[in-house]
Amino acid sequence: MFRFALRNVVAYKARLAMTAVAVLLGVAFVVGTLVLTDTLSRAFKNSASKSFADVSVAVIDDNVDRTGPREHGRPDPTLTEDTLARLRALPGVARARGVLEGFTGVVDRDGDLLGSGWSTIGTNFVPTAGGVDPRFPMRAGHGPTNEREIALDARTAAGAGFRVGDTVRIALRGPMVETRLTGVFGTDDPRVSAGGSLVLFDTATAQRLLVAPGRYGEIDLTAAPGTSETALRDAAARVVPPADNLRVDSGRALAREQIDQIEAGTRQMTVALLAFAGIALFVATFIIANTFTMLVAQRTRELALLRAVGARRGQVTRIVLAEAAAVAAAASLLGLGAGIALAGVLRSLLERFGAPLPAGPMIVEGRTIVVALLVGSGATLLAAWLPARRASRIPPVAALNTVEQPAGPGGLRGRSATGALMTAVGAALTAYGRSTAADSGRVPVAVGVFLVLVGILLLTPLLSRPVIGAGAPFLDRPFGTAGRLARRNAVRNPRRTAATASALTIGLSLIAGLTMLGASIRQAVEERAIAEVAADYRIKTVNGAPVDPSVLDAVVRVPGVTATSPLIRDTVTLDGRNAAVIAVDPAAIERLLALGGTPDAAAALRRGEILVTADTAKQRGWRIGSVVPIDYPDGTRGRVTIGGFQGDLEQLTKVTVPAALMRAHSTHRDIRSILVRTAAGDGARTTRTIERAIGDNPLIMVEDRTDIRQSISRSVDLLLRIMYGLLAMAVLIAVLGVINTLAMSVFERRREIGMLRAIGFDRSRVRTMVRLESLVISLFGAILGVTVGTFLAWGILGPLRGKVPGLVLVVPWDSVGVFLALGVAVGVVAAVWPARTAARAAVLGAIGAE
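Criteria and thresholds
Residues numbered from 1 in each chain as written. Predicted model: local features only at pLDDT ≥ 70, side-chain atom pairs only at ≥ 80, totals over all residues. Heavy atoms only, no water. Helix = DSSP H or I, 4+ residues; strand = E, 2+ residues; numbered from the N terminus. Buried < 20%, exposed > 50% of the residue type's maximum accessible area, 1.4 Å probe, protein only. Contact = heavy atoms within 4.5 Å. Areas by Shrake-Rupley, 256 points an atom, 1.4 Å probe, with all protein chains shown as cover. Pairing = 2+ DSSP bridges. Axes fitted to C-alpha atoms, helices over the stretch in contact; angles between N-to-C directions. Salt bridge = Lys/Arg side-chain N within 4 Å of Asp/Glu carboxyl O. Nonpolar A, V, L, I, M, F, W, Y, C, P; charged D, E, K, R; others polar. Core = buried A, V, L, I, M, F, W, Y, C linked by side-chain atoms within 4.5 Å. Phe/Tyr/Trp six-rings, centres within 6.5 Å; stacked < 30°, edge-to-face > 60°. Arc of directions from axis to C-beta. Patch = residues over 30% accessible without salt bridge, like charges linked within 9 Å, V, L, I, M, F, W, Y side chains within 5 Å. Lys, Arg positive; Asp, Glu negative; His and termini not counted. Charge placed at Lys NZ, Arg CZ, Asp CG, Glu CD. pLDDT = per-residue confidence, 0-100.

**Some thoughts on the overall build of the protein chain**
- In terms of helices and strands, the protein chain carries 28 helices and 23 strands.
- In the protein chain, buried positions account for 52% of the 850 residues.
- Intrachain contacts of the protein chain at a sequence separation of at least 6 include 81% that bridge at least 24 residues.
- Per element, the accessible surface of the protein chain, about 36900 Å² overall, is 59% carbon and sulfur.

**Examining the sheet that holds strand β14 (residues 246–250)**
- Taken in spatial order, the four strands make up an open sheet running β3-β13-β1-β14, and their pairing is antiparallel. With one partner strand each, in any of the chains shown, β3 (93–99) and β14 form the two edges of the open sheet. Put simply, the sheet's adjacent strands are angled 15 degrees from each other on average, direction ignored.
- Across four bridges, strand β1 (residues 57–61) lies against strand β13 (residues 218–223) in antiparallel orientation. Its bridge partner being in β13, Ala58 is matched across the sheet by Asp220.
- Packed onto the sheet, helix α3 (residues 81–88) meets β1, β3 and β13 and runs at close to 165 degrees relative to β3.

**Describing the pattern of salt bridges**
- A complete count under the given rule lists 18 salt bridges for this structure.
- In this structure, the salt-bridge partner of Asp249 is Arg247, at a minimum N-O distance of 2.6 Å.
- A relative accessible area of 19% places Asp249 in the buried class.
- The closest approach of N and O atoms between Asp476 and Arg487, which form a salt bridge, is 2.7 Å. One end of the pair, Asp476, is in helix α14 (residues 472–479); the other, Arg487, is in helix α15 (residues 481–492), with 11 residues separating them in the sequence. Of the two residues, Asp476 and Arg487, neither departs from the other in class, the shared state being buried.
- A cluster of three or more residues bridged by salt bridges with shared partners is formed by Arg688, Glu691 and Asp696.

**Details of the environment of Asn489**
- On the secondary structure map, Asn489 appears in helix α15.
- The class of Asn489 is buried, set by a relative accessible area of 9%.
- Spatially, the C-alpha atoms of Asn489 and Ser745 are 9.3 Å apart, while their sequence positions differ by 256 residues.

**Notes on the packing of helix α12 (residues 413–436) against helix α25 (residues 763–800)**
- Contact geometry of α12 with α25 gives a least axis separation of 7 Å together with a crossing angle of 35 degrees. On α25, the residues that touch Ala427, Thr430, Ala431, Gly433 and Arg434 of α12 are Phe791, Trp794, Gly795, Gly798 and Pro799.
- Grouping the constituent residues of the contact of α12 with α25 by class yields five nonpolar, four polar and one charged.

**Brief notes about the nonpolar core**
- Counting residues in each nonpolar core, the largest one holds 51 residues, and the members touching the most others are Phe29, Val283 and Ile733.
- Per-element tally for this core: the top contributor is helix α23 (residues 705–748), with 12 residues.
- Residues contacting Phe29, with those up to four places away along its chain left out, are Leu273, Phe276, Ala277, Ala280, Leu342, Leu726 and Met729.
- Listed in part, the 39 residues of the second largest apolar core include Val184, Ala223, Ala235 and Val240.

**Describing the environment of Ala825**
- Along the polypeptide, Ala825 turns up in helix α26 (residues 813–830).
- In this structure the C-alpha to C-alpha distance between Ala825 and Val735, which are 90 residues apart in sequence, comes to 9.7 Å.

**Focus on the packing of aromatic side chains**
- A complete count under the given rule lists two aromatic pairs for this structure.
- Between Phe791 and Trp794 the ring centres are 5.8 Å apart and the planes differ by 35 degrees, which places this aromatic pair in the tilted class. Separated by three residues within a single helix, Phe791 and Trp794 lie in helix α25, roughly one turn from each other.
- Looking at Trp794, the relative accessible area reads 30%, which means it is partly exposed.

**Regarding the pairing of strand β16 (residues 561–574)**
- With respect to burial, β16 is a largely interior element, 10 of its 14 residues being buried.
- Bridge count between β16 and strand β22 (residues 670–678): eight bridges; the pairing is antiparallel. When the sheet's bridge partners are listed, Ala563 is paired in β22 with Arg677.
- Note: β16 against strand β17 (residues 577–584), seven bridges, orientation antiparallel. Counterpart to Thr571 in the pairing with β17 is Ala580.
- Taking the residues between adjacent antiparallel strands as the criterion, β16 and β17 are bridged by two residues, where Asp575 takes a positive phi near 55 degrees.
- In terms of strand pairing, β16 meets strand β19 (residues 627–631) through two bridges, oriented antiparallel. Within the sheet, the bridge partner assigned to Thr573 lies in β19 and is Asp631.

**What to know about α3**
- Listing the buried residues of α3 in full gives Thr83, Leu84 and Leu87. Within α3, the buried residues cover an arc of 100 degrees as seen down the axis, which keeps them to one side.
- Buried-residue contacts for α3 involve β1, β2 (79–80), β3, β12 (215–216), β13 and α7 (229–239).

**A closer look at a positive patch on the surface**
- Together, Arg313, Arg389, Arg390 and Arg393 line one region of the surface with positive charge.
- The residue Arg389 is located in helix α11 (residues 366–392) in this model.
- Exposure remark for Arg389: the relative accessible area of 35% places this residue in the partly exposed category.

**Digging into helix α6 (residues 203–210)**
- Residues Thr203, Thr205, Ala206, Gln207 and Leu210 constitute the buried set of α6.
- Where the residues of α6 are buried, they touch α3, β4 (101–103), β6 (120–125), β11 (197–202) and β12.

**What about the confidence of the model for the protein chain?**
- Overall, the predicted model of the protein chain reaches an average pLDDT of 82, with 90% of residues at or above 70.
- Mean pLDDT across the secondary structure elements of the protein chain bottoms out at helix α28 (residues 843–847), with 58, and peaks at strand β8 (residues 149–153), with 94.
- A low-confidence stretch, residues 67–74 stays under pLDDT 50, and its non-local contacts, those more than four residues away or across chains, total 27 contacts.
- Predicted confidence is poor over residues 404–410, with pLDDT under 50, and the contacts of this stretch with residues over four places away or in other chains come to 19 contacts.

**Quick look at a nonpolar patch on the surface**
- Nonpolar side chains collect at one region of the surface, where Leu333, Val364, Ile369 and Leu373 lie side by side and expose about 300 Å² of accessible area between them.
- Along the chain, Ile369 falls in helix α11.

**Looking at the pairing of strand β18 (residues 610–613)**
- Burial of β18 is two-sided: the residues Ile610 and Val612 facing one way and the residues Leu611 and Thr613 facing the other way are all buried.
- In terms of strand pairing, β18 meets strand β20 (residues 637–646) through four bridges, oriented parallel. Among the inter-strand pairings, Val612 is bridged to a residue of β20, identified as Phe645.
- Inspection of the sheet shows β18 paired to strand β21 (residues 655–658) by two bridges, in the antiparallel sense.

The following block contains the structure:
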C-alpha cells in the first residue's frame, strides 16, 4: 500500500505541487522565525558575555538609569570618588574603575542625529597607567583627555565618515557641543553590535554631562589571581555605604541578568512571529484539504477498484494519508531549507535598513528541524484526514462508472446549522463584551470574534450561492455565455468554492480588521490631541528624554512668542499614595491647553491649588476644596488643596500642580515638553526662528499642530505596515490555493471543456470563462473578508472605549476599495495558468478523456 501511495504521488505530482508549495511556505515561515531569533539570541548572548569578561564584581547604583538620563526626583548617585578609593584598596582587587553612561547624540555632517532613540550612548574612558582602557582598544588615535575631546566606536566613525582630528558635534539635552575626535576604537558592547553608537568622554566631562560631578553609576572590580568572585563580592559589600539603591553583584550574575533580558526579548519576538506563521499554516490547511478532496473525487473509479479487489476501508484511508505524508515530508524538508535561507535574507535586510546585528553564524537548533517536520506533517495530515475518510466510503460499485464523477455539493445542513449557531453565539458574546467598555469585556470579545470567524467559514458554502448569484447582472450580460458558465461553475460545488475563498477570507479579514482598528484609534487620538492643545508648538526631545531648561530660556526670548509653559514631570506622595504629577505655569497654561473639567481650573492653579481628574477624585474620595497631605521629592511634607477638576488629557497626568509648588521642593526639572504660543501662529518662518534659537539641535523636535496630530498617525501606520508584512504570507498562500483549485477544476472538467470547444466555444471564450470563475471566487472571499474584518474591528473597539475616549468605528472606504481590488487582482493572477491550460486543450483528446 505504501508503494502504491508513492506511485500515486509521482503520478499526480502536478496536481499536488501547489499543496506542497503551501506547506513549504508555512514551514519556511516557522523555521525562518526560529532560526532568526535563535541566531540573534546567541549573538547577543556572546556579546553580553564578552562585555563582562574583565568584571569580577560590580557595585551598581540603581538610581542611575543605565540606558538614559536619571529620573528626576531621584537623589544624586551615591557612588563617589571616596567609594571608588575604598574599593580599590581592598585586598584581592587587581583593578577598580568607576563607570557612568547616558544618552549622547552624535550629529553627522548633514546635521542629523545618528541612530535613533536611545541607540547612542556616552560613557567614560578610564585609562590605565599605560594610557589605554582595555575595554576600548584604540584602532586609531588615543582616548579623550579633556572636555573638548571624544572617541567614537569604529562602526559609527566609518558609517558617518569621521576620522581622527575631525570636528564632531554632540547633542545632549541642551545646546550642542563641538568636540574633536581623538580616537577610534573597537568594542564588543552588544548595543554597538546591535547598531548603536558609543561615545567616550574623559571621566570628569562624562560625570558633568551624564550623571553628576564626582559621581559614578557603577564601580567595576577585577579580581587579582587567587581571589574568588564570591570573596571579593562579600568584601565589597562591607565597604559600600548602606543604601537601598546600591547592589553588589558578580560579573557572572550581571552577564546572566543581561542574557535573561535578551532571552525574554527574543522570546516575545518569537511568539509574535509564530502567531503569524500559525495563521499562514491555518490558511494552508484549506488548500491541502481542498486538494485532497478534489483528488479523491477525481480518482473515484481507481479507489473503488481497490475496494473491489479486496482493499479494506482502513487501507484506503491509509493510502490517502500516506500520500499526504509523502507530500508533507518533501515539503517540510524543502521548507526547512527555505526557512534557513529566509532567516539569512531577513538578517541582511535588517542590517541594510539600519539595524546592524552582532556577528555570528546562523544557528539551526535540533529543535528547529523537529518542529519543521512536525508542523509540516501535522498540518498536512490533519487537513487530509477528512478527504481520506471520504475516500474510504467509496463503494466498490463506483468502479462500474465509465467516467470519474466530481463530488457533488453533498449535505450541508449539519455544517450550516453548526455555522449559524456559532455565528449567533459569537455575535452575542461580542455584543456583551463590547457593551462593558472595560477590560472585563476582552475575553468575551475575543471568544466571540473567534466563533464568528469560524461560523462564517462554516457558512461559506451556503453563502456562496446567493452572494455569487447577485453578480449575475455583471457577468451574464457583458460576457454572455462565458459569464453564465463561470458563475455556474463557481457555485457548482459550494464546498470547493468555500474552501478556496476561505483561505483568502482569513487573510483579508485580519488585514481589514487591523486597518479599521488603526483608523479608528488614529481618529480618536488625533481629535483628542487637537481638541486639548491650543498651543501652536510643542517642543520635546526625539527620544523622550527631558528637555534642558536652557531650551526653555531660549524659546522665551524668541520674538513673537506670547505664552510658554514647560510640562514638568515629578513624583510625590499624595494622601499616602505615590502620584505622578505634571507641573505647569498657571499664568500661561489656559492659553496653551484646554484643561476641561471645572470652569475655574486655571484660576485654581493660579491660587496655588492642584487639579485632579474626576475619576481620580472619585477613587480617592476627594472633593473640590479637600485638603490632602503631600510628601515632596526633597522629603518635606505639606498640605495642598484640591482646587478643581481637569479633563483626562493626553499631555497631562492625573494630577496637575503649579510649577512654583514643585520648584520649591525639587532640585530636578524633568521637562517632558514645552508648549508655545506665538502671535503669528504656526508657520514655516516661525518654526525656523524657534529652531535657530535652540541651536538647530537635532535632538530637539519643534512640532506644530499638524506634527502633533501626525505623531500619533506615524506610530499607528508603522504598526500596521509591520502587520501587513507578516500577513502577506497568508495572502500569498491563499493565491496559491485559488490557482490550485482552478487548475484541478480545469483538469476535472477537461471533457466538458472539450465539448464546449467542439460546439464552437473558441479559445478566447474558454480563457474568459476560467478567468471570470477565478475572479468571482476571489471577489467572494474578499467580500467575506472585509465583512468579517469590520465585525472584528467593531468588537475589539468596545473594551478599548474606556481607555480611549471618543473611540468609534471608522471604515476607511478607500482601504475597503483597495481590499476588494486586491481580491480582483488575486483572481486575475490566479487564473493565468489555469486559463491558458484550458484554452490549449486538444478538442478530440479532451472529449475522449475519462
